[in-house]
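In case you want the letters, here they are:
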Amino acid sequence: MSEHDAMQLTGLLQQLYRAHFGKMVSHLLLRYSSLQLSDAEDLVQEAFTAASAAWRTTLPEKPEAWLYATIRNQASRFRLRRQGHVPLEHLPADPVAAATSEDGDLHLLRLLFACMHPRFTAKVQLVTALRYVFGLQMQQIAELLGTEADNISKIIYRQRQQLRSGDIAFRSGFVWWSAGKVDLALKVLYVVFTEGWKIREERLCEDALSLTREVIRRARVSVPDAKALYALMLFQLSRWETRTNEAGELLELEKQQRQLWNRDMIAVATDYLKQASTVPAPSTYIIEASVAYLHAVAPGFAQTPWQQIANLYAQLHEMAPSPFVRLNQAVALHFAGQTKAALHMLDELAQEPFMKHHHLLHCSLARIYADGNNNHLALQHYRKALWGKPSPGEEAFIRGKIKACLQMP
Amino acid sequence: MKKFLLLIREDLERVKNMTEAELQADIAKMTRWAEQLAGSGNLLGGEPLEADVRYVKKAHIATDGPFAESRESVTGYMLIQAGSLEEAAALAASCPSVIDEEIAIEVRPLMVHE
């Protein structure tokens with residue numbers, strides 16, 4: 001095998017791992033009721049190890065099907081022997097077709113629901129979902145959540161013993177009646193989507209989107225929040241392509257080419273938001289989706305109903321207070337022509353220890369000063385923003401702004 | 001451990017006339033109980049049933065049941081495991097919808113030949 005082929009094989013394995021790890025674990029738990037999560041996880045890992053050796057000589061025609069057949073094989077043998085380790089001897093020659101992708105989403109949703117236990121903390125739920133449902137490695141999760149890989153592996157290790165195939169998510173259709181599990185699952189899907197959006201990892205966003213759709217399809221309780229979240233995700237994704245220029249640099253909303261926003265997605269999202277909005281009192285998801293809707297259908301940046309958006313943020317802040325909501329509210333107020341009120345709000349935020357050095361706060365202040373032709377203060381705040389924790393993309397954006405400020409007379 | 005089928009029976013007329021809020025409250029109650037059974041390791045499976053129905057006899061397919069006077073019908077089933085019929089019955093009796101007299105549960109041991 002040439003070096004080139006070896007690299008291709010590694011790439012293929014990584015791709016399959018990312019796409020199928022969670023589905024395979026869930027597939028085993030659904031099929032073999034006596035398996036523990038940790039067993040299922042080990043069996044899937046072993047199958048990938050086996051694949052990386054076996055596929056060097058011959059690549060199976062259907063690699064996915066090969067993997068599924070291997071884990072099923074091993075699981076039956078594991079069950080028969082009930083011992084810690086089963087040597088891999090019987091690799092499949094001509095495996096049956098793998099589960100369709102629709103089954104795959106359903107399996108993932110069951111696994112997600114099984115992770116959503118009210119007695120786990122929100123962080124533990126998120127970490128578990130990222131590991132098992134979204135197939136991320138510990139190191140990737142640590143980077144995403146800004147923590148040490150060590151912390152993540154501790155959480156995962158404890159979870160491995162708590163999650164089991166006995167969970168109602170794997171046992172019965174009554175799980176689709178569980179409003180509690182739906183709520184928790186939506187929270188995680190929201191966070192995963194937002195994180196994916198931030199780090200521009202389209203895959204993560206699309207996975208969160210398709211699982212949200214699966215919640216809407218499967219849940220037997222009414223799911224206005226799932227519909228609103230689905231709408232929110234679609235509104236965001238409709239402008240995925242225009243967020244960056246050809247060089248991959250972040251573009252501000254007003255510089256994005258609106259005619260390239262995906263109108264079909266916006267139409268579907270609008271429909272879902274309408275369906276969701278029939279409830280008597282709006283949820284935070286509905287308000288956030290409403291903001292996204294107003295942006296999506298505004299003919300241009302200047303024609304955006306900024307005052308209405310600021311009001312929605314005010315409403316959102318009352319329901320779920322957050323400095324980031326306040327920040328967005330202030331920016332909307334500025335664009336609505338109430339710069340004084342905006343600055344007042346941002347000054348208040350700057351008193352909070354958490355926000356004081358946040359790059360988004362300083363970027364907002366800098367933008368407002370730049371709009372008021374106060375180049376000096378704008379420059380000062382863009383420089384402060386660099387001291388925060390901008391992502392590499394954001395840092396490049398800020399540096400570009402600083403350069404522009406320095407070129408001003 | 002033995003296996004038992006729980007047949008959930010209730011008045012279809014009552015189900016049909018429930019408001020959306022009542023229905024959701026009903027669902028929440030039943031789900032909590034099913035989750036408890038899953039948590040204690042008793043639940044093996046089960047599904048709620050749709051209300052649509054056909055009664056089939058030779059040369060006869062109808063939407064009315066053989067017992068026209070009875071409006072009670074099966075609206076869901078669960079497969080559970082328990083030590084004995086008594087234990088299974090005690091589990092069924094712990095269902096909040098049974099306690100609130102909204103449903104009745106028929107507990108039937110499976111004939112399992114192993």
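Quick note: structure is the one above.
How each quantity is defined
- Residues numbered from 1 in each chain as written.
- Chains lettered and ligands numbered in written order.
- Predicted model: local features only at pLDDT ≥ 70, side-chain atom pairs only at ≥ 80, totals over all residues.
- Helix = DSSP H or I, 4+ residues; strand = E, 2+ residues; numbered from the N terminus.
- Buried ≥ 20, exposed ≤ 12 C-beta atoms within 10 Å, placed from the backbone.
- Contact = placed C-beta atoms within 7 Å.
- Pairing = 2+ DSSP bridges.
- Axes fitted to C-alpha atoms, helices over the stretch in contact; angles between N-to-C directions.
- Nonpolar A, V, L, I, M, F, W, Y, C, P; charged D, E, K, R; others polar.
- Core = buried A, V, L, I, M, F, W, Y, C linked by C-beta atoms within 7 Å.
- Parallel < 35°, antiparallel > 145°, perpendicular 65-115°, else oblique.
- Left-handed = near helix turned anticlockwise from the far one by under 90°.
- Expected span 1.5 Å × (residues − 1).
- Bend = angle between axes of the 7 residues up to and from the residue.

A.B. asks: Would you mind going over the overall build of chain B in detail, with residue names and values included?
C.D. replies: Broken down by element type, chain B carries four helices and six strands. Ordering the α and β elements of chain B from the N terminus gives β-α-α-β-β-β-β-α-α-β. For chain B, with 114 residues in total, the buried portion stands at 21%. Relative to all contacts within chain B whose residues are 6 or more apart in sequence, the contacts with residues 24 or more apart total 78%.

A.B. asks: So what's going on with the sheet that holds strand E5 (residues 72–82) of chain B? Which residues, and what values?
C.D. replies: Residue and element names in this part refer to chain B. Taken in spatial order, the four strands of this open sheet run E2-E5-E1-E6, and their pairing is antiparallel. What marks the edges here is a single partner per strand, and that holds for strand E2 (43–48) and strand E6 (103–109). Geometrically, the sheet is characterised by an average inter-axis angle of 20 degrees between neighbouring strands, direction not taken into account. Two elements, strand E1 (residues 2–11) and E5, share ten bridges in a ladder whose sense is antiparallel. The partner of Lys3 across the bridge, within E5, is Gln81.

A.B. asks: For the interface of chain A and chain B, give the residues involved together with the corresponding values.
C.D. replies: With 13 residues of chain A in contact, the opposing surface of chain B contributes 16 residues. Among the residues forming the side of chain A that touches chain B, the class breakdown is five nonpolar, five polar and three charged.

A.B. asks: Residue-level account of the nonpolar core, with values.
C.D. replies: Residues and elements named next belong to chain A. Judged by nonpolar contacts, the single largest core of 131 residues is most densely connected at Leu112, Ala185, Ala231, Phe235 and Ala289. Ranked by residues supplied to this core, first place goes to helix H11 (residues 224–237) with nine residues. Setting aside chain neighbours within four positions, we find Ala185 in contact with Leu112, Phe113, Met116 and Val215.

A.B. asks: Run through the environment of Arg110 of chain A, naming residues and quoting values.
C.D. replies: All names here are of chain A. One can find Arg110 in helix H4 (residues 101–115). In sequence terms Arg110 and Val215 are 105 residues apart; their C-alpha atoms lie 9.9 Å from each other. In contact with Arg110, other than residues within four places in its own chain, are Ser26, Leu30, Ala169 and Phe170.

A.B. asks: Describe the packing of helix H9 (residues 179–198) of chain A against helix H10 (residues 202–218) of chain A, with residues and values.
C.D. replies: Residues and elements named next belong to chain A. Between H9 and H10, the least distance of the axes is 8 Å, while the angle of their chain directions is 155 degrees. Compared by their axis directions, H9 and H10 come out roughly antiparallel. With respect to the hand of their crossing, H9 and H10 are arranged in left-handed fashion. Across the interface between the two elements, Val182, Ala185, Leu186, Leu189, Val192, Phe193, Glu195, Gly196 and Trp197 from H9 touch Leu204, Cys205, Ala208, Leu211, Thr212 and Val215 from H10.

A.B. asks: I'd love a proper account of H10 of chain A, names of residues and values included.
C.D. replies: Since the α-helix turns once every 3.6 residues, residues separated by three or four places project in the same direction. For H10 of chain A, with 17 residues, the first-to-last C-alpha span of 24 Å sits near the 24 Å given by 1.5 Å per residue. Inspection of H10 of chain A places Leu204, Cys205, Asp207, Ala208, Leu209, Leu211, Thr212, Glu214 and Val215 of chain A among the buried residues, and these make up the whole buried set.

A.B. asks: Could you give an account of the pairing of E1 of chain B, naming the residues involved and the relevant values?
C.D. replies: Across seven bridges, E1 of chain B lies against E6 of chain B in antiparallel orientation. The residue of E6 of chain B that forms the bridge with Glu10 of chain B is Ile103 of chain B.

A.B. asks: Give me the lowdown on helix H1 (residues 3–31) of chain A, citing residues and values where you can.
C.D. replies: At His20 of chain A, H1 of chain A shows its maximal bend, which comes to roughly 55 degrees. The complete set of buried residues in H1 of chain A reads His20, Phe21, Gly22, Lys23, Met24, Val25, Ser26, His27, Leu28 and Leu29 of chain A.

A.B. asks: I'd like a description of the packing of H10 of chain A against H11 of chain A, backed by residues and values.
C.D. replies: Pairs of packed helices are described in terms of their axes, by the angle between the two and the distance that separates them. Residue and element names in this part refer to chain A. Relative orientation of the contacting elements H10 and H11 amounts to 150 degrees, with a least axis distance of 9 Å. By the angle class used here, H10 and H11 are roughly antiparallel. The handedness of the crossing between H10 and H11 comes out as left-handed. The segment H10 lies against H11, with Cys205, Ala208, Leu209, Thr212, Arg213, Val215 and Ile216 engaging Ala226, Lys227, Leu229, Tyr230, Met233 and Leu237. Of the residues that constitute the contact of H10 with H11, the class distribution is ten nonpolar, one polar and two charged.

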